[in-house]
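# A structural walkthrough
One letter stands for each residue in the lines below.
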Amino acid sequence: LTFTCAHSAYDTPLTLGGQSFKVEIANTPQTLERGLMGVVDLQPNQGMLFLFGTKRPAIFWMKNTPSNLDLAYLDQDGRILQIESLKAYSLRKVPSRMPVWAALEVPAGTFKRLQAHVGDKISCPALSSKTISNQPSQGDTHERSKKTS
């Protein structure tokens, strides 16, 4: 199974198993931190592609995120290294089992419905982009969380 997409900063087409998606690219400290927090109307054909800009450990959690999601950790070539199910508002931290280049969040059940598995590949020019804004130093852990006041 191969996934393909064409790069665009804010409205990136992504095709998974023959189904078209529109994903937002998160590649700045602010967008990486915010992720899909507060998004209440995520459609079945929408998601977010997180580009870390370097291969490193990542940790996601669902604080202030009202939708159940599927998460795939990816290598620089777009190969799926790990798939996880994330529960809305959960504070459970979900670490990557190895350093990763990117992550993809889509509505819960998407990977099962499309029969996507570890080892499948996402083809996307954005994955090979070296222009990540204000990327953290190598070795930093990405934790998608937002502190509330």
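Residues numbered from 1 in each chain as written. Predicted model: local features only at pLDDT ≥ 70, side-chain atom pairs only at ≥ 80, totals over all residues. Heavy atoms only, no water.

### Here we look at the overall build of the chain
Of regular secondary structure, the chain possesses 2 helices and 11 strands. Listing each helix as α and each strand as β along the chain from the N terminus yields β-β-β-α-β-β-β-β-β-β-α-β-β. Considering the chain as a whole, with its 149 residues, one finds that 48% of them fall into the buried category. When contacts within the chain are restricted to residue pairs at least 6 apart in sequence, long-range pairs at least 24 apart make up 73% of them. Counting every atom, the chain has about 7300 Å² of accessible surface; 49% of that belongs to carbon and sulfur. (Helix = DSSP H or I, 4+ residues; strand = E, 2+ residues; numbered from the N terminus. Buried < 20%, exposed > 50% of the residue type's maximum accessible area, 1.4 Å probe, protein only. Contact = heavy atoms within 4.5 Å. Areas by Shrake-Rupley, 256 points an atom, 1.4 Å probe, with all protein chains shown as cover.)

### As for the environment of leucine 42
Of note, leucine 42 is situated in the loop between helix H1 (29-34) and strand E4 (46-56). Ignoring any residue separated from it by four or fewer positions in sequence, one finds leucine 42 in contact with Leu36, Gly47, Ser67, Leu69 and Pro107.

### A look at the side chain of aspartate 70
Mapped onto the secondary structure, aspartate 70 falls in strand E6 (residues 69-74). This buried residue, aspartate 70, is left without a salt bridge; arginine 113 holds the nearest opposite charge, at 7.7 Å. Looking at aspartate 70, its side chain comes within polar contact range of the main-chain nitrogen of phenylalanine 111, at 3.0 Å. For aspartate 70, the residues in contact, after removing those within four places along its chain, are Glu84, Ser85, Leu104, Glu105, Val106, Pro107, Ala108, Gly109, Thr110, Phe111 and Lys112. (Lys, Arg positive; Asp, Glu negative; His and termini not counted. Salt bridge = Lys/Arg side-chain N within 4 Å of Asp/Glu carboxyl O. Polar contact = N/O pair within 3.5 Å; in protein donor to acceptor, adjacent residues only side chain to side chain.)

### Digging into the environment of leucine 36
One can find leucine 36 in the loop between H1 and E4. In this structure the C-alpha to C-alpha distance between leucine 36 and methionine 62, which are 26 residues apart in sequence, comes to 8.8 Å.

### A short note on the pattern of salt bridges
Counted according to the given criterion, the structure contains 2 salt bridges. Glutamate 24 is paired through a salt bridge with arginine 34; the nearest N and O atoms lie 3.2 Å apart. With glutamate 24 in strand E3 (residues 19-26) and arginine 34 in helix H1, the pair connects residues that are 10 residues apart, well separated along the chain. Residue glutamate 24 is classed as partly exposed on the basis of its relative accessible area, which comes to 27%. When its relative accessible area of 31% is taken as the criterion, arginine 34 is described as partly exposed.

### Some details on the nonpolar core
One finds Leu16, Phe21, Leu49, Leu51, Leu74, Leu104 and Phe111 to be the most contacted residues of the largest nonpolar core, which totals 19 residues. The set of elements that each furnish at least two residues to this core consists of E3, E4, E6 and strand E9 (100-107). In terms of residue count, the dominant contributor to this core is E9 (4 residues). Judged by nonpolar contacts, the second largest core, of 18 residues, contains Leu36, Phe50, Ala58 and Leu71. (Core = buried A, V, L, I, M, F, W, Y, C linked by side-chain atoms within 4.5 Å.)

### Observations regarding unusual backbone geometry
Here tyrosine 89, not a glycine, exhibits a phi torsion of approximately 65°, which is positive. The topology assignment puts tyrosine 89 in the loop between strand E7 (80-86) and strand E8 (94-95). Even without a glycine there, the phi angle at glutamine 115 is positive, about 55°. Counting through the fold element by element, glutamine 115 comes out in the loop between helix H2 (110-113) and strand E10 (121-123). Accessibility expressed as a relative area gives 59% for glutamine 115, which makes it exposed.

### Some details on the confidence of the model for the chain
Chain-level statistics for the chain give a pLDDT mean of 80 and a share of 75% at 70 or above. Low confidence marks residues 2-10, where pLDDT is under 50. Its contacts with residues over four positions away, or in another chain, come to 32 contacts. Across residues 131-149, where pLDDT falls below 50, the model places 58 contacts with residues more than four positions away in sequence or in other chains. (pLDDT = per-residue confidence, 0-100.)

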